Amino acid sequence: MDNNKVANRSAEAPLSPSFVASKTTPELEEGPYYKSGSPKKTRLYQKGIPGEPLTLTGYVSDHTGKTIAHAWMDFWQANGNGEYDNSGYTLRGHQYTDETGKYILQTVLPGGYSVRTPHIHVKVRANDDAPVLTTQLFIPGLASNKTDFLYRDDLQIQLKDARKGKTATFNFKLKH
Ligand code: FE
């Protein structure tokens with residue numbers, strides 16, 4: 001095939017931006033440690049928190065693949081030692097996607113606890129009137145994923161080494 005034919009083919013291909021997830025994001029249970037009223041902040045990381053620094057980014061889109069600006073997201077998680085802050089709001093925070101539907105979360109890689117493999121809890125809502133998606137995100141390549149009763153491959157973040165810590169992406173696709 002010559003180069004012109006390759007170019008024509010790609011021009012005809014349906015637009016599928018890499019930031020749109022192929023299927024809607026599965027729900028997963030809230031677990032016992034959610035607290036409402038988290039502070040509005042994208043940077044949950046603070047000096048001294050156990051755990052490797054992690055910057056998680058991605059987009060929120062609707063079921064058609066259209067990105068959603070100002071979608072509400074509420075994250076909560078354990079620190080690198082598998083401990084939640086249940087008296088305060090350490091590693092808990094909400095935020096809104098920007099005009100392009102993008103979010104950024106600066107945090108640490110969570111540790112596992114009791115029978116749970118490491119995970120990040122999140123609630124996502126397109127707007128004030130929309131239903132809330134509650135789910136959990138998982139870290140790829142951990143042996144403990146295999147024995148966790150809630151673990152799902154399709155809720156894995158895509159993890160990369162960064163200069164300091166890790167970067168990761170996860171794109172949410174909402175049903176509503
Ligand atoms: Fe948990």
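Per-chain numbering applies: the sequence of each chain, read as written, is numbered from 1 onward. It should be noted that, the model being predicted, local features are given only for residues of pLDDT at least 70 and side-chain atom pairs only at 80 or more, the latter also being counted only at that level, while totals for whole chains, interfaces and linings use all residues. Side-chain metrics in this entry use all non-hydrogen atoms of the structure; hydrogen atoms and water are not considered.

Chemist: An account of the overall build of the protein is requested, with residue identities and associated values reported.
Modeler: Helical segments are the DSSP runs of H or I of at least four residues, strand segments are the runs of E of at least two, and each set is numbered from the N terminus. If you tally the helices and strands in the protein, you get one helix and nine strands. Mapped from its N terminus to its C terminus, the protein presents α and β elements in the order α-β-β-β-β-β-β-β-β-β. Computation of the radius of gyration draws on C-alpha atoms alone. For the globule rule, the value is 2.2 Å times the number of residues to the power 0.38. Against the 2.2 N^0.38 benchmark of 16 Å for 176 residues, the protein shows a C-alpha radius of gyration of 17 Å, consistent with a compact globule. In terms of overall dimensions, the protein has a C-alpha envelope of 60 × 40 × 30 Å along the principal axes. Exposure is judged per residue with a 1.4 Å probe applied to protein chains only, and the accessible area is read against the type maximum: over 50% gives exposed, under 20% gives buried, and values in between give partly exposed. Here the protein holds 176 residues, and 47% of them are scored as buried. The criterion used for residue contact is that any of the two residues' heavy atoms lie within 4.5 Å. A sequence separation of at least 24 residues applies to 72% of the contacts in the protein between residues at least 6 apart. In this charge count, Lys and Arg are treated as positive and Asp and Glu as negative; neither His nor the chain ends contribute. A single reference atom marks each charge: NZ on Lys, CZ on Arg, CG on Asp, CD on Glu. A gap of 4 Å separates the mean positions of the 22 positive and 18 negative side-chain charges of the protein.

Chemist: Break down the coordination of the iron ion for me, with residues and values.
Modeler: Expected angles at a metal are 109.5 degrees for tetrahedral coordination by four donors and either 90 or 180 degrees for octahedral coordination by six donors. Donor criterion used throughout: N, O or S atom within 2.8 Å of the metal, extended to 3.2 Å for Na, K and Ca. Water excluded; incomplete-looking sites may result. Every protein donor of the iron ion is listed here as Tyr84 (OH), Tyr113 (OH), His119 (NE2) and His121 (NE2), and their distances to the metal cover 1.9 to 2.1 Å. Any coordination sphere not matching a tetrahedral pattern (four donors, all angles between 85 and 135 degrees) or a square planar or octahedral pattern (four or six donors, opposite donors over 155 degrees apart, other angles between 65 and 115) is reported as irregular. Because the angles between the four donor atoms bound to the iron ion fall within 92 to 157°, the donor set is best described as irregular. Each donor residue of the iron ion lies on the same chain, and together they follow the pattern Y-x28-Y-x5-H-x1-H. Here His121 falls in the buried class, since its relative accessible area comes to 1%.

Chemist: Describe the side chain of Thr117, listing the residues and the values that go with them.
Modeler: Structurally, the position occupied by Thr117 is in the loop between strand S4 (102-108) and strand S5 (119-125). Owing to a relative accessible area of 0%, Thr117 belongs among the buried residues under this scheme. Polar contact is defined as a pair of N or O atoms within 3.5 Å, subject to the rule that within protein one atom must be able to donate a hydrogen and the other to accept it, and that residues adjacent in sequence are counted only when both atoms are side-chain atoms. Within polar-contact distance, the side chain of Thr117 engages the side chain of Asn145 at 2.7 Å. Beyond its immediate chain neighbours, meaning those up to four positions away, Thr117 contacts Gly112, Phe138, Leu142, Ser144, Asn145 and Asp148.

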